[in-house]
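In case you want the letters, here they are:
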2 protein chains.
Amino acid sequence: MPIVQADALRGFITDIFEASGASREEAAIVGNHLVEANLMGHDSHGIVRTLGYIQQTKDGGLVPAAPIEVIGGKGAAAVVDVNWNFGQVGATRAMEIAIERAREHGLGAAVCRNCGHIGRIGAYGQMAAAAGMIGIACVNNPGTTGLVAPFGGAKGRMGTNPFTFTIPTDNPDEPFVLDFATSVAAEGKVRVARNKGVEMPDDYLIDSNGNPTNNPADLYQNESGERGALLPFGGVVGYKAYGLAVAVEALSGALSGSGTAGGDRAGGNGVFMLAIDIPAFTERGEFDELFGGLEDHVTQPPFREGQEVLTAGEPERRRMAQRLADGIDVDEETWRQVCEGGALVGVAPLEV
Amino acid sequence: MPIVQADALRGFITDIFEASGASREEAAIVGNHLVEANLMGHDSHGIVRTLGYIQQTKDGGLVPAAPIEVIGGKGAAAVVDVNWNFGQVGATRAMEIAIERAREHGLGAAVCRNCGHIGRIGAYGQMAAAAGMIGIACVNNPGTTGLVAPFGGAKGRMGTNPFTFTIPTDNPDEPFVLDFATSVAAEGKVRVARNKGVEMPDDYLIDSNGNPTNNPADLYQNESGERGALLPFGGVVGYKAYGLAVAVEALSGALSGSGTAGGDRAGGNGVFMLAIDIPAFTERGEFDELFGGLEDHVTQPPFREGQEVLTAGEPERRRMAQRLADGIDVDEETWRQVCEGGALVGVAPLEV
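Residues numbered from 1 in each chain as written. Chains lettered and ligands numbered in written order. Predicted model: local features only at pLDDT ≥ 70, side-chain atom pairs only at ≥ 80, totals over all residues. Heavy atoms only, no water.

1. Some remarks on the overall build of chain A
So, step 1. Looking only at helices and strands, chain A has ten helices and twelve strands in total.
So, step 2. The C-alpha atoms of chain A give 20 Å as radius of gyration, which agrees with the globular expectation for 352 residues (20 Å, within 12%).
So, step 3. Viewed in the frame of its principal axes, chain A has a C-alpha envelope of about 60 × 50 × 45 Å.
So, step 4. Scored against the burial criterion, the 352 residues of chain A give a buried share of 58%.
So, step 5. Contacts in chain A between residues far apart in sequence, at least 24 positions, make up 67% of those at least 6 positions apart.
So, step 6. Carbon and sulfur atoms make up 47% of the accessible area of chain A, which totals about 13100 Å².
So, step 7. A distance of 5 Å separates the average location of the 26 positive side-chain charges in chain A from that of its 45 negative side-chain charges. (Helix = DSSP H or I, 4+ residues; strand = E, 2+ residues; numbered from the N terminus. Rg over C-alpha atoms; globule rule 2.2 N^0.38 Å. Buried < 20%, exposed > 50% of the residue type's maximum accessible area, 1.4 Å probe, protein only. Contact = heavy atoms within 4.5 Å. Areas by Shrake-Rupley, 256 points an atom, 1.4 Å probe, with all protein chains shown as cover. Lys, Arg positive; Asp, Glu negative; His and termini not counted. Charge placed at Lys NZ, Arg CZ, Asp CG, Glu CD.)

2. Concerning empty space enclosed by the protein
So, step 1. By the definition in use, this model includes one cavity of 30 Å³ or more.
So, step 2. Of the volumes computed, that of the largest cavity is approximately 40 Å³.
So, step 3. A:I136, A:F163, A:F165, A:L251, A:F272, A:L274, B:I136 and B:L274 are the residues that line the largest cavity.
So, step 4. Every element with two or more residues in the lining of the largest cavity is listed here: β6 (163-167) and β11 (270-277) of chain A.
So, step 5. Each residue belonging to the lining of the largest cavity can be placed in one class, and the counts come to eight nonpolar, no polar and no charged. (1 Å grid on protein atoms, 1.4 Å probe; cavity = no way out; pocket = protein on both sides within 12 Å on 5 of 7 lines; lining within 4 Å. Points joined across faces, edges and corners; volume = space filled by probe spheres on them. Nonpolar A, V, L, I, M, F, W, Y, C, P; charged D, E, K, R; others polar.)

3. Quick look at the side chain of A:T311
So, step 1. Assignment of secondary structure puts A:T311 in the loop between α8 (284-299) and α9 (314-326).
So, step 2. Look past the residues within four positions of A:T311 in its chain and what remains in contact with it is A:F176, A:E295, A:T299, A:R317 and B:Y242.

4. Structural notes on the side chain of B:N85
So, step 1. Inspection of the secondary structure assignment puts B:N85 in the loop between β3 (77-81) and α4 (87-105).
So, step 2. Setting aside chain neighbours within four positions, we find B:N85 in contact with B:E26, B:L62, B:V63, B:P64, B:A65, B:A66, B:I68 and B:G116.

5. A closer look at the interface of chain A and chain B
So, step 1. In this assembly, 92 residues from chain A lie in contact with 93 residues from chain B.
So, step 2. Note on chain A versus chain B: buried area summed over both sides is about 7000 Å², and carbon and sulfur give 69% of it.
So, step 3. By the criterion of area lost to chain B, the three top residues of chain A are A:K240, A:F281 and A:R304, representing 11% of everything that side buries.
So, step 4. On inspection of chain A and its partner chain B, the count reaches two salt bridges.
So, step 5. Between B:E286 and A:R265 there is a salt bridge, with the nearest N and O atoms lying 2.6 Å from each other.
So, step 6. Inspection of the region where chain A meets chain B yields 24 residue pairs in polar contact (both at pLDDT 80 or more). (Buried area = accessible area lost by both parts, 1.4 Å probe. Salt bridge = Lys/Arg side-chain N within 4 Å of Asp/Glu carboxyl O. Polar contact = N/O pair within 3.5 Å; in protein donor to acceptor, adjacent residues only side chain to side chain.)

6. Topic: the domain arrangement of chain A
Residues and elements named next belong to chain A.
So, step 1. The domain architecture assigned to chain A consists of domain 1 (1-65 + 314-352) and domain 2 (69-184 + 231-299).
So, step 2. Here the C-alpha centroids of domain 1 and domain 2 sit 23 Å apart.
So, step 3. Tallying the contact residues gives 22 residues for domain 1 and 18 residues for domain 2.
So, step 4. Across the interface of domain 1 and domain 2, roughly 1600 Å² is buried in total on both sides, 62% from carbon and sulfur atoms.
So, step 5. On inspection of domain 1 and its partner domain 2, the count reaches one salt bridge. (Domains from an automatic or database assignment.)

7. Digging into a negative patch on the surface
So, step 1. A cluster of acidic residues, A:D202, A:D203, B:E199, B:D202 and B:D203, forms a negative patch at the surface.
So, step 2. Residue position: B:E199 is located in the loop between α6 (187-196) and β8 (205-206).
So, step 3. Residue classification places B:E199 among the exposed positions, given a relative accessible area of 63%. (Patch = residues over 30% accessible without salt bridge, like charges linked within 9 Å, V, L, I, M, F, W, Y side chains within 5 Å.)

8. Points about the packing of aromatic side chains
Residues and elements named next belong to chain A.
So, step 1. As enumerated under the stated definition, the model contains 21 aromatic pairs over all chains in all.
So, step 2. On the basis of an interplanar angle of 25 degrees and a centroid distance of 6.3 Å, the ring pair of F163 and F180 is categorised as stacked. With F163 in strand β6 and F180 in strand β7 (residues 176-180), this residue pair connects regions lying 17 residues apart in the sequence.
So, step 3. Owing to a relative accessible area of 3%, F180 belongs among the buried residues under this scheme. (Phe/Tyr/Trp six-rings, centres within 6.5 Å; stacked < 30°, edge-to-face > 60°.)

9. Structural notes on the environment of B:G72
Residue and element names in this part refer to chain B.
So, step 1. Within the secondary structure layout, G72 lies in strand β2 (residues 69-74).
So, step 2. A relative accessible area of 25% means that G72 is categorised as partly exposed.
So, step 3. When the C-alpha atoms of G72 and Q221 are compared, they prove to be 41 Å apart, with 149 residues separating the residues in sequence.

10. Things to note about the relation of the copies chain A and chain B
So, step 1. Expressed as a screw operation, the relation of chain A to chain B combines 0.0 Å of axial shift with a rotation of 180 degrees, fitting to an RMSD of 0.0 Å. Such values leave the two copies arranged in the relation of a two-fold axis. Taking C-alpha positions as reference, the residue of chain A nearest the rotation axis is A:G234, located at 1.9 Å.
So, step 2. Take the interface residues of chain A: 100% of them recur as interface residues in chain B, which is what a same-surface contact looks like. (Least-squares fit on C-alpha atoms with pLDDT ≥ 70 in both.)

11. Quick notes on the sheet that holds β11(A)
Residues and elements named next belong to chain A.
So, step 1. Sheet architecture is open: seven strands sit in the order β2-β3-β4-β11-β5-β6-β7, paired in mixed fashion. Either end of the sheet is taken by a strand with one partner, and the two such strands are β2 (69-74) and β7. For this sheet, the mean inter-axis angle between neighbouring strands, taken without regard to orientation, is 15 degrees.
So, step 2. Where helix α7 (residues 239-254) meets the sheet, its contacts fall on β4 (107-113), β5 (133-140), β6, β7 and β11, and the angle it forms with β5 comes to roughly 95 degrees. (Pairing = 2+ DSSP bridges. Axes fitted to C-alpha atoms, helices over the stretch in contact; angles between N-to-C directions.)

12. Details of the pattern of salt bridges
So, step 1. In this structure the tally under the stated criterion is 34 salt bridges over all chains.
So, step 2. Put simply, B:R93 and B:E96 hold a salt bridge, and the shortest N to O gap is 2.9 Å. Taken together, the positions of B:R93 and B:E96, both in helix α4 and three residues apart, correspond to about one turn of that helix.
So, step 3. Since its relative accessible area comes to 30%, B:R93 is described here as partly exposed.
So, step 4. Given a relative accessible area of 32%, B:E96 falls into the partly exposed group.
So, step 5. The partner of B:E333 in a salt bridge is B:R336, with the nearest N and O atoms 3.0 Å apart. Of the two residues, B:E333 and B:R336 both sit in helix α10 (residues 332-344), three residues apart, roughly one turn of that helix.
So, step 6. A relative accessible area of 39% means that B:E333 is categorised as partly exposed.
So, step 7. Owing to a relative accessible area of 44%, B:R336 belongs among the partly exposed residues under this scheme.
So, step 8. Through salt bridges with shared partners, a single ionic network connects A:E308, A:E314, A:R317 and A:R318.

Structure follows, in structure tokens:
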């Protein structure tokens, strides 16, 4: 299995996106984003996406170097047309705009339309935290016919519709970064279980008839062309996460004009980003004292047997420290695909 | 069991709060809020609160007719000091301010400090929806030492920290109103189960040693003075709702200056309210078309056996139609307490 150092990998992936037509700066936004996801242990949002993005630049689904324009909005609100530039480039610009607006008005929000896949949503919350702001963001899949079932439904209807809530703390290296799918898991986890031949836990999946199943293969198309669905998280109270997924459709899909699940407008991600400037409400020192006290309060012992209480973002920081030191282990198939993406735009494979 | 008509009940409860020192208008805000909660079937947030509020006016915890002042903020952001007026009065004013700010800036947010118990949080989201805006709000319990355990923790550390996400639709009578505790259930459900002598489902409770339990009595103080805790919702992925509960502490507790769980500043509710003005982003007709299409998409059949897919707010509208027609059934003990609250301020019992 290839072990790749983060610095070398960032350069390699950036080279690929630059060769696809992006400026060095915009290529680095995509490359750094994908490698950071791997460093954090979220491999499903990492360099495994490279080939797909490059294929989209070939078929016109993505347009490297397309201009990113503010086409609407008012005061604290901005509508950003990404014109099918890379999602990471558009979403990064959108959060920058939300932060600028928040600096002026106390709050700022930006929505994106015509925007590619933006990757790991927590990354944009981290931008707000780095600017001393609270970040809230969510993303939908316009036009999807469904991977995740609504509570009580027998068929998938929406995407995994993730949310981030990111809070700065008195330590700039340790923001609170909550980043979660409103489904019980991402599709990637089910795919891994299927490939390993292991069962899924209860309350994750239904089969194509809407019955509970532990068989990961039931999520995928069967011989009759039907497939199962992931459930919203929460089990018997899954109506809560189902409701959150619908709220994501309103904020990211309808408010942005990108489109909602099941609709005609399809492709990429609908995006909603919100930045909240803490000093507009209260002194930063007071905020840090109150929120720091809360983090100490909730993470103190006693813990349940074999468990501990972490703050959101801590598992990712632990994994990142390890992968920065030891290198990133990339499976053979993912590495083959990354190099195939490079070959499509004339970039020679990185020696590993 | 007393059956009370909504109109008569509103008048009676309003009379009680007026007699406690509130203006007729502010008393009606509290009375109407509590009765609406009963109409919707959320009895735990309804008239059962009357006696407690009245007792607080006697011991100084609540100050009827106290001035509600904007003491800080900037642009789209406002800090509201409720000066211990009733929480419903303060939170209603705060959402009005958030809506005014959003009308001007596209977004508006208000936080409340020195604010009593605000009741059912969805009510404030409904105000935003009635103004044609998306409403997001959450509330914490400053200083609480804990009812709900963090994910992995053996002891309760936070309150039930509820959130609302409210979306207007093309039918003003049918907004999307998501209103959920980040815990698996409100404490009231456990109390009811204990009183009935029935078990709780799995993944709701831990006992005072942090072990899973189905016995509702384990939530409450035992002979050694220890108690169990409610869990965040989500079971094995309960870290998601635990994270949301922490985000509520940041928004409602720290940003407002009210205080966070486990801290020195205690009492009442910390409140965060956000209004998002749709026309600042996109035409209302287009928004309604996209969001209406989504609601049709997710609520269509097929359903899981014995279930259906509802939109958030629909169960409450069904219950409200029934209770408006048939009257509100109030249990004897609750009715006795309501009348006791009236007696404390010299209001004669309503004949039922």
